[in-house]
Amino acid sequence: MRLTAVDRRAASLGLHPGLPLANARAIVPALKVMAANGPADEKLLEAVADWCDGFTPFVALDPPHGLLLDVTGAAHLLGGEEKMLERIRADLKRQGFAVTGAIAGTAMAARALAHHRDGIIVPAGADGETVAPLPVEALNLDAVTTHAFRRAGLKTIGQAASRTRAELTARFGAGMVFALDTALGRAEAPISPRLPMPAYRAERRFAEPVVVQDVLLATVKFLAGRLSKLLEERGEGARRLDAVFFRADGAIRSIAVETGAPTRDPWVIERLFREKIDALADPIDPGFGFDLIRLEAARAEPCRAEAADFSAGEKEKKEIRFLADRLAARFGSHRVLAFRPNDTHIPEAAFVAVPAQYAEPATLEWERARGKQEAPRRPLRLLSPEPVSMLRSQDQMRFRWRNALHVARKVEGPERIAMEWWHALAPDRDYFRVEDEEGRRFWLYREGAVSWFLHGVFA
Amino acid sequence: MSAAHEKIAFLRATLAKAGPPEIRVPLGHVGADACLAGGLKKGALHEVFAIASHETAATGFTAALAARIGGPLLWIRQDYAALEHGELAATGFLELGLDPSRILLLRVPDVAGALRAASDALTCKALGTVVIEIVGAPKLLDLVAHRRLALGTAESGVTALLLRFGAEPDIGVAETRWCVRAAPSGEDEDWGRPVFDAALTRNRHGPPGQWAMEWSCDDGEFRPADPGAVVSAPADRPAQAAMAQASAA
C-alpha cells in the first residue's frame, strides 16, 4: 500500500504520494490514514467540471485532479482572462478546494504552469520562454523518461528543448517530442471536451442571483426567443432542449425536454419547461439563487416553413403533437403512447404502443380479423394469459376464472393460431370465443389438450 | 321600460352568440336519442360506470361513444388498471370500428396525474374526446374535480368521458351518467356483436332510461338490440328497471 495523497502537514513532515505506507508509518508513527476512494474522486472531478461548464463549454478532464478549460473567446464575458482565472480560483477555494491554475497558449503549457507557477497568465506568444525554466517533471511524462532526462543532465524543459529534435526523437520517441512542443507552445494539442458542443445555445448571466421560479421560466422563454432566431436562420427546430441552471454556490441543475417534432416557438418551449419543472419529483432548489441560466438545443432537425401549416388538418395535428409533448414533459415520454400495427398474427404482438414523440408514421396498414358485418374477433382488453379451470361436459362448457364460475351460453372455435417457430418453441393455441349467461364475452385458448387460458375480454 | 327590454333582448342575443353552440351527437338508437334530446351533448362531461365484472363492456361502450363523437381520442388510464382489467388492445379498437392511429394512450401513475392530464388535455381543441379511466373511488375525485372537468369541457368543446370501475355512482355534475353491463348478443349465426345493457341513470336535460343497445362495428352507430335478446332486469335497481320498461314500451 502506498500513499496517494498527503495533506500540508504530512508533506511538511516529509511524506509524499507514492511512499509505501509502512515507510510513512515508520517516519510518522501517529499517521492518520484514510482509504483512497478513486471513483468518488472521479465523481467529484466531474462535478467540478460541470460547474466549470458555466465558464466555457470546452471542459476536459485531466485525471486524477486536473481540468483543462479552453477559454478562447469566453474570457471577455467575465471581464478578461485575469478576472476569469481569479474568479475560478476564488470560487473553488471558497468551496473548500486547494486550487492552482494558469492560463497559457496551449493546454499542455497551461497544465505545466498550473502545477509549478500558480496564477500565472502567459501573454500570447510567450509560452516557450515561460515554460522553459520549469523542471522536466512538468511535462507529465512517465517516470522512466523523466528519470532518463535527469540522468542526461536535462533538468528543465528549456534544457531539454535545447537538444536537437533528432537526438530527442532517437532517444525518447516522437511522442516525447510532441509533448515538449505542445508545452512550449510550438504545437497545438486540442483538448477533448467532455460534452459535445451544442449547435444552438443561449445564456444569460445575472449580477444578482435569481431565486423566483417565474423569473427562471421567463428567462428560459427569453433565451428560447434568442435560440429561435438562430434556429430559424438555419431552418431547423429543436427536438431536445436542455436548460442548465448554475447556482451561485456551484450546484448545477440540468433539465431536459423533448419534442415530437422540430420546435422553435418560445411560447411552446417555455410551456414544456413549465410542465417539466412543475412535475419534478425533486423541485429545483434555488438556494441562494442562480447566477447563470443557459438554454441549449441538444438535438435539432430541419423543420418545414411555418407557412405550410395553414390547412386545418395540419393545425390539428400540430396541436395534438404539442399536447403529447406537454404530457411527455410532465409524465415522461414512455407514458404517452401511440398505437402502431405490427406484422404478425400473434394476438398480443399484432400491435405495439410506442412513445408518441418518437412514433414514425405507420408503414403497415391496420388489418381487421373480422369480415364485414361480422362480430369482433379480437378482444378489446388483453390480459396476460391467465389459467382457468375448464369444466366441460357433453353439452356444456363452464370455466372458473378469478374465483367466479362462468357458464358458456355460446361457444365458437377453435381458431388456431400458430406460434412463430423462429421465436420460441411455444405450442400452438386454439382460441375460442365464449359468451356466458350474463352476456360477457371472453377469449379463451387451449394449449395442448388440457391447459386453458383466458387471454382477453370482448366488449 | 321598452328600452330596458330591448337591452335585455340584445344582451340575450349577444350571450347566445358568445356561448358555444350546443352540439348533440345522435347515438343512432332512437329511444336513447329521444331521451337525450337528440343525442349525446358534445363538450360536456359524461360518466360511464361499469357494473362489477362488466368492466370491458363499459370500456367498449365508452369507446363506442368516443367513436360517435369522432376526432382524435386521448385515453388516460392508471398503471395498474392493465393488471386488473387488461391492457387496451389496438386490435380490439380496430374491430369495434375505431382507427387505432387516432388514439393517444396516456399511462399515469395515480389519480392526481390523471386529473391533471385531463384538465390539460381538455384545453386542446383538436381533440374529440378525452377518456379518463379511474379505478375505485379515490378521494381526489370529488365534486370540485368533477366540476373542473365539466368546466374544461364547456370551454374547449372537447368531450370528457369518465369511465369508472369498481365505484358506486354518487354526487356529480355530469351531463349524463350511464351504468353499463354486457347483454347477451343476438341469436343469429354470427353472434358476439357488442350488446350493452345501458342504463341512463342521470340525464340533466331529459328523463332517464334503460336500453339494450347493440353497437354496429361497421356503421359506427348504436341500434336497438335484437329483440330476441333478453335484457335481465337488474334486481338492485328496481326503480330504474321499471323506468326502462316504461321507456322501452
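Right above here is the structure, for reference.
Okay, so let's go over this structure. (Residues numbered from 1 in each chain as written. Chains lettered and ligands numbered in written order. Predicted model: local features only at pLDDT ≥ 70, side-chain atom pairs only at ≥ 80, totals over all residues.)

Along the backbone of chain B there are 8 helices and 12 strands. In chain B, of all internal contacts separated by at least 6 residues, the share reaching a separation of at least 24 is 72%. (Helix = DSSP H or I, 4+ residues; strand = E, 2+ residues; numbered from the N terminus. Contact = placed C-beta atoms within 7 Å.)

Across its full length, chain A carries 13 helices and 14 strands. For 459 residues, the compact-globule estimate of 2.2 N^0.38 gives 23 Å, and the C-alpha radius of gyration of chain A, at 34 Å, exceeds that figure by more than 25%. On the principal axes, the C-alpha backbone points of chain A span a range of 105 × 60 × 50 Å. Per-residue burial over chain A gives 31% buried out of 459 residues. Taking the contacts inside chain A whose residues are at least 6 apart along the sequence as the reference set, 50% of them involve residues at least 24 apart. (Rg over C-alpha atoms; globule rule 2.2 N^0.38 Å. Buried ≥ 20, exposed ≤ 12 C-beta atoms within 10 Å, placed from the backbone.)

Before going further, it helps to spend a moment on the nonpolar core. Residues B:Ile76, B:Leu106, B:Ala118, B:Val130 and B:Val180 are the most contacted members of the largest nonpolar core, which totals 136 residues. Once you skip the residues sitting within four places of it in the chain, B:Ala118 turns out to touch B:Ile76, B:Val130, B:Ile132, B:Leu149 and B:Ala160. Counting 35 residues, the second largest nonpolar core, distinct from the first, contains A:Val122, A:Leu139, A:Ile157 and A:Ala160. (Core = buried A, V, L, I, M, F, W, Y, C linked by C-beta atoms within 7 Å.)

Here the focus is unusual backbone geometry. Outside of glycine, negative phi angles account for most residues, and trans bonds account for most peptide bonds. Residue A:Pro414 is bonded to the preceding A:Gly413 through a cis peptide linkage, with omega at -5°. Locating A:Pro414 in the fold gives a position in strand β11 (residues 404-417). Residues other than glycine seldom take positive phi values, yet B:Ala37 does so here, at roughly 55°. Along the chain, B:Ala37 falls in the loop between α2 (30-35) and β2 (40-41). Note on B:Ala37: 13 C-beta atoms within 10 Å, which makes it partly exposed.

Residues and elements named next belong to chain A. Of all 8 residues that make up strand β12 (residues 429-436), 6 are buried, and the element is covered over most of its length. Note that β11 and β12 share 7 bridges and pair antiparallel. Directly across from Glu412, in β12, lies its bridge partner Arg433. Inspection of the sheet shows β12 paired to strand β13 (residues 441-447) by 7 bridges, in the antiparallel sense. Its bridge partner being in β13, Asp430 is matched across the sheet by Arg446. (Pairing = 2+ DSSP bridges.)

Time to look at the sheet that holds strand β4 (residues 73-78) of chain B. The strands making up a sheet associate through backbone hydrogen bonding, with each pair oriented either parallel or antiparallel. Reading across from one edge, β8(A)-β7(A)-β6(B)-β4(B)-β7(B)-β8(B)-β3(B)-β9(B)-β10(B)-β11(B)-β12(B) is the order of the 11 strands in this open sheet, with mixed pairing throughout. Edge strands, defined here as strands with exactly one partner in the open sheet, are β8 (351-355) of chain A together with β12 (221-224) of chain B. Direction aside, neighbouring strands of the sheet carry axes that sit 30° apart on average. Here strand β9 (residues 176-182) of chain B runs beside strand β10 (residues 195-203) of chain B; their pairing, made up of 7 bridges, is antiparallel. Bridge assignment links B:Thr176 to a residue of β10(B), and that residue is B:Asn203. The sheet contacts of helix α6 (residues 111-121) of chain B involve β4, β6 (103-108), β7 (129-135) and β8 (159-165) of chain B, and relative to β7(B) the element is tilted by about 170°. (Axes fitted to C-alpha atoms, helices over the stretch in contact; angles between N-to-C directions.)

With that settled, consider the packing of helix α5 (residues 107-116) of chain A against helix α10 (residues 174-183) of chain A. All names here are of chain A. The N-to-C vectors of α5 and α10 enclose an angle of 80°; their axes lie 6 Å apart at closest approach. The angle between the axes of α5 and α10 places the two elements in the roughly perpendicular class. Residues Met108, Ala109 and Ala112 of α5 form the contact with α10, whose participating residues are Ala179, Thr182 and Ala183. Considered class by class, the residues forming the contact of α5 with α10 number 5 nonpolar, 1 polar and no charged. (Parallel < 35°, antiparallel > 145°, perpendicular 65-115°, else oblique. Nonpolar A, V, L, I, M, F, W, Y, C, P; charged D, E, K, R; others polar.)

Residues and elements named next belong to chain A. Sheet architecture is open: 4 strands sit in the order β3-β6-β4-β5, paired in antiparallel fashion. The sheet is open, and its two borders are formed by β3 (200-210) and β5 (252-263), each paired with just one other strand. Between one strand and the next, the sheet's axes are offset by a mean angle of 15°, whatever the strand orientation. Where strand β4 (residues 236-247) meets β5, 8 bridges bridge the pair, whose relative direction is antiparallel. From the neighbouring strand, Ala243 faces β5, where its bridge partner is Ile255. Here helix α11 (residues 213-233) sits on the sheet and contacts β3, β4 and β6 (290-302); the angle it forms with β3, its principal contact strand, is near 150°. Contacts from helix α12 (residues 266-278) reach β4 and β5, with the element oriented near 130° to β5.

The next point concerns the interface of chain B and chain A. Taken together, the contacts link 47 residues of chain B with 47 residues of chain A. Considering every element that reaches the side of chain B that touches chain A, the biggest residue donor is helix α5 (residues 90-96) of chain B, with 7 residues. Looking at the side of chain B that touches chain A, its residues break down into 26 nonpolar, 13 polar and 8 charged. The pairing of strand β7 (residues 336-341) of chain A with β6(B) spans 3 bridges and is classified as antiparallel. Across the sheet, A:Ala338 pairs through a bridge with B:Leu104, a residue of β6(B).

Working note: a packed helix pair is described by the angle between its axes plus the distance between those axes. Residues and elements named next belong to chain A. Viewed as axis vectors pointing N to C, helix α9 (residues 165-172) and α10 meet at an angle of 130°, and their least axial separation amounts to 7 Å. Relative to α10, α9 is oriented oblique. For the pair formed by α9 and α10, the contact residues are Arg165, Leu168, Thr169 and Phe172 on the first element and Ala174, Met176 and Val177 on the second. Looking at the contact of α9 with α10 residue by residue, the classes come out as 5 nonpolar, 1 polar and 1 charged.

Below, the discussion takes up the environment of A:Thr263. Residue and element names in this part refer to chain A. Along the chain, Thr263 turns up in strand β5. Judged by the 28 C-beta atoms lying within 10 Å of it, Thr263 falls in the buried class. In sequence terms Thr263 and Arg9 are 254 residues apart; their C-alpha atoms lie 57 Å from each other. What Thr263 contacts, discounting residues up to four positions off in sequence, is Gly237, Ala238, Val268 and Ile269.

Once that is clear, we can look at the pairing of β11(A). Sheet faces and side chains relate simply in a regular strand, where the side chains alternate between the two faces. Residue and element names in this part refer to chain A. Direction of pairing for strand β10 (residues 397-401) relative to β11: antiparallel, over a ladder of 4 bridges. From the neighbouring strand, Phe399 faces β11, where its bridge partner is His406. With antiparallel pairing between neighbouring strands as the criterion, β10 and β11 make up a hairpin whose turn holds 2 residues, including Arg402 at a positive phi of roughly 50°.

Let's shift gears to the environment of A:Gly73. Residues and elements named next belong to chain A. Among the structural elements, Gly73 can be located in the loop between β2 (66-69) and α4 (81-94). With 9 C-beta atoms counted inside 10 Å, the residue Gly73 sits in the exposed group. Taking the C-alpha atoms as reference, Gly73 lies 8.8 Å from Thr56; in sequence the two are 17 residues apart.

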